[in-house]
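Structural features, examined
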Amino acid sequence: MARAIRLYNTLTRRKEKFVPLKEGKVSFYLCGPTVYNHIHIGNARTFLSFDVIRRYLEYAGYEVTFVQNITDVDDKIINRANEEGRTAVEVAAEYSEAFVEGMHALGVLDPTIRPRATEEIPAMIELISCLVEGGHAYEVEGDVYFSVRSFSPYGRLSGRDIEQMRSGARVEVDPRKRDALDFALWKKAKPGEPSWESPWSVGRPGWHSECSAMSARYLGNPFDIHAGGDDLIFPHHENEIAQAESCYHVTFANYWLHGGMLTIDHEKMAKSEGNFLLLKDVLTYVRPFALRLLMLQTHYRSPFDYSAERLQEATAAFERIESALRNLSWTIESYAVVETAPNEIGDKSVSWTADLLQRAENTRERFINSMDDDFNTAGAVAAIFELVTAGNASVKDGIFGEAHRRAVIEARDTIAGLLNVLGVTVDAEPENGLNLSEEVEDLKDTGNAGDARDANDALAAKAVVELAASLVGYLGESPVEAIEFLLAARDEARAEKDWARADAMRDGLNEVGLVIEDTASGTRIVRK
Ligand code: AMP
Ligand code: ZN
């Protein structure tokens, strides 16, 4: 694992070699959602980016402890609850569950630990007490504020000049704060709001307190990587550092990774503009892995512009990979040596095999080099596409001997394996007429209550049986067997040069939505 992963650290504003605190282990904290609504595709982009980074670190051999919180107490949740006449607990429960479901739908791995703010209040009270005792925080009428003046490195992460910020903030100074930049660590609750006992008041923690307390509890300070969208750099992450370092007197996190914002058609996503997309809605018409592939084509730190056209292109690209893998699998399984002169087989086998193995190796190398360079997923995806093209070209004329066949397997497995590192799973099962049988069996059990595809299968299955009965006198009821009979009869007809009969089989199958493909490695049936 002596590999050199380099990552861009917001704190130092440059790419650095990644050196974890403990060899072979990574402690990673990602700010989670505030659960007052379904997550939008911007949130999804950020969570997906760091899911891929986490997966890559694991692929590189690290044991990653990945913590992502859920902010389930917050003003926004309380407001939503009031609007809807529900309790804040109900609102938070509904959207926490929806968030986890959405992450699963998108293929995002569960974090190692998913702490919820409402279950971590004692740790937050402890942190706030530590800050009050150390002179970094003060109480005013049941509220507690962090004193920004007490932490001299304040502004370092965001690169802001705090004197300038202070004069900018003067107009809206809250008279109870000692300094315009001070922020709330604890808020006294209004009647009916979720609240907990504390030394200062019955109240609730401020948002920033959460992440400092939970990351310290589950990862310790310092830990390796802290991540979030770049809109969180200020004030959220700046405040997290101020709280943690003022209490624990050690570095908070060594590397700060920030993802770029998602825009739609080059505009900020805004409900008022009508260009606001929820993940759950998008996933009703987009395959999750196509969405993943689209997002991975932009570097995680760059802004990402979403559009219907780009989504369509990514869907087409994903389908291209999928059909290439199926094609390779099918060719591998139905491998038959191509009939050429013996010496020609030898030559082709050697050159195709060597070429494909070399290309698979190049792709792995380029994938790793791209990902090692601050997780350049766009470069990694491009490398995979090159191998898809090479794999397809390699089997264009069939498979030339066992060595070539093994090289094709290697290429297919490399494509599928590297996609998997990016969290993209492709179904590489060969698609042919024989797959029909399982679905038809299912149908028998469910009594025709299947979806549209099942219904089509049922019709196709019935039509195929009838076709075989009329053309070749097939007496059984199995559509798979019927197809086999038809193909065998067609081969026979072709051998006898009875083209009219052979064509009748092809046309008949075509009418029931099945296409015969004659390839160098044999005949197969695909859906139209
Ligand atoms: P929030 O629930 O608003 O705290 O956001 C959860 C995560 O989504 C944070 O890491 C934000 O940085 C991120 N986020 C919010 N809006 C966007 C956006 N438009 N594009 C990308 N990430 C976003
Ligand atoms: Zn946070």
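You'll find the structure just up there.
Presented here is an overview of the structure given in this document. Every residue gets a number counted from 1 within its own chain, in the order that chain's sequence is written. Both sets of labels track the order of writing: A upward for chains, 1 upward for ligands. Thresholds applied to this predicted model are a pLDDT of at least 70 for local features of residues and 80 or more for the giving and counting of side-chain atom pairs; totals over whole chains, interfaces and linings are not thresholded and use all residues. Each side-chain value is derived from all of the structure's non-hydrogen atoms; neither hydrogens nor water enter the calculation.

**Section: the packing of aromatic side chains**
The aromatic pairing rule takes the rings of Phe, Tyr and Trp, using the six-membered ring of Trp, and pairs them if the centres are within 6.5 Å, calling planes under 30 degrees apart stacked, those over 60 edge-to-face and the rest tilted. Under the definition given, this model contains 20 aromatic pairs. Both rings, one in F50 and one in Y300, keep their centres 5.9 Å apart while their planes meet at 70°; by these two values the pair is edge-to-face. One end of the pair, F50, is in helix α1 (residues 41-59); the other, Y300, is in the loop between α9 (288-296) and β13 (304-306), and 250 residues separate them in sequence. Summarising the aromatic geometry, the rings of F223 and F252 are spaced 5.2 Å apart at their centres and angled 85° between planes, so their arrangement reads as edge-to-face. Of this pair, F223 sits in strand β9 (residues 223-229) while F252 sits in the loop between α7 (233-248) and β10 (253-259), and the two are 29 residues apart along the sequence. By relative accessible area, which is 0% here, F223 ends up buried. By definition, any uninterrupted DSSP run of H or I lasting at least four residues is a helix, any uninterrupted run of E lasting at least two residues is a strand, and each is numbered from the N terminus. Residue burial is assigned from relative accessible area. The probe radius is 1.4 Å, only protein chains are included, and a residue is buried under 20% of its type maximum, exposed over 50%, and partly exposed in between.

**Some points on the environment of P205**
By the secondary structure assignment, P205 is in strand β8 (residues 203-205). With 19 residues separating them in the primary sequence, P205 and W186 have C-alpha atoms 4.4 Å apart. Whether two residues touch is decided by their heavy atoms; if any such pair falls within 4.5 Å, the residues are in contact. When neighbours within four sequence positions are excluded, P205 is seen to be in contact with I121, M124, L185 and W186.

**Some words on the sheet that holds strand β7 (residues 183-188)**
Only strands joined by at least two bridges in the DSSP assignment are considered to pair. Taken in spatial order, the 4 strands make up an open sheet running β5-β6-β7-β8, and their pairing is antiparallel. Either end of the sheet is taken by a strand with one partner, and the two such strands are β5 (137-140) and β8. Averaged over neighbouring strand pairs, the angle between their axes works out to 20° when direction is ignored. Inspection of the sheet shows strand β6 (residues 143-146) paired to β7 by 3 bridges, in the antiparallel sense. Within the sheet, the bridge partner assigned to F146 lies in β7 and is F183. Throughout, an axis means a line fitted to C-alpha atoms (over the contacting stretch in the case of helices), and angles, computed between N-to-C directions, take values from 0 to 180 degrees.

**Brief notes about the layout of surface pockets**
Empty space among the atoms can be located by rolling a probe the size of a water molecule over them. Within this scheme a cavity is a closed region of a 1 Å grid, computed over the protein atoms alone, that accommodates a 1.4 Å probe without allowing it to escape, whereas a pocket is open but has protein on both sides within 12 Å along at least five of seven lines; lining residues each have an atom within 4 Å of a point. Grid points are joined across faces, edges and corners, and a volume is the space filled by probe spheres set on the points. The space that makes up the largest pocket amounts to roughly 1,200 Å³. Lining the largest pocket are 44 residues; nearest its centre among them are N43, K76, W207, D231 and L232. Only α1, α2 (75-84), β7, β8, α6 (207-219) and α7 provide two or more residues apiece to the lining of the largest pocket.

**Things to note about the site of ligand 1**
Neighbouring residues are identified by heavy atoms, a residue being near a molecule or strand if any of them is within 4 Å of it. The environment of ligand 1 is formed by 13 residues, the closest being N43, T46, G229, D231 and L262. A distance of 3.1 Å separates an oxygen atom of ligand 1 from a polar backbone atom of G229. A distance of 2.8 Å separates a nitrogen atom of ligand 1 from a polar backbone atom of L262. Considering ligand 1 on its own, with 490 Å² of exposed area, one finds that the protein chains cover 88% of that surface. Judged by the proximity of its atoms to the pocket grid, ligand 1 belongs to the largest pocket. For the shell around ligand 1, the element with the most residues is α1, which contributes 4 residues. Contacts described as polar in this section are N or O atom pairs within 3.5 Å, which, within protein, must combine one atom able to donate a hydrogen with one able to accept it, while residues neighboring in sequence count only if both atoms come from side chains. The Shrake-Rupley method, run with a 1.4 Å probe, gives the accessible areas here. Residue values count only the displayed protein chains as cover. A molecule is said to be in a cavity or pocket once over half of its atoms fall within 2 Å of that pocket's grid points.

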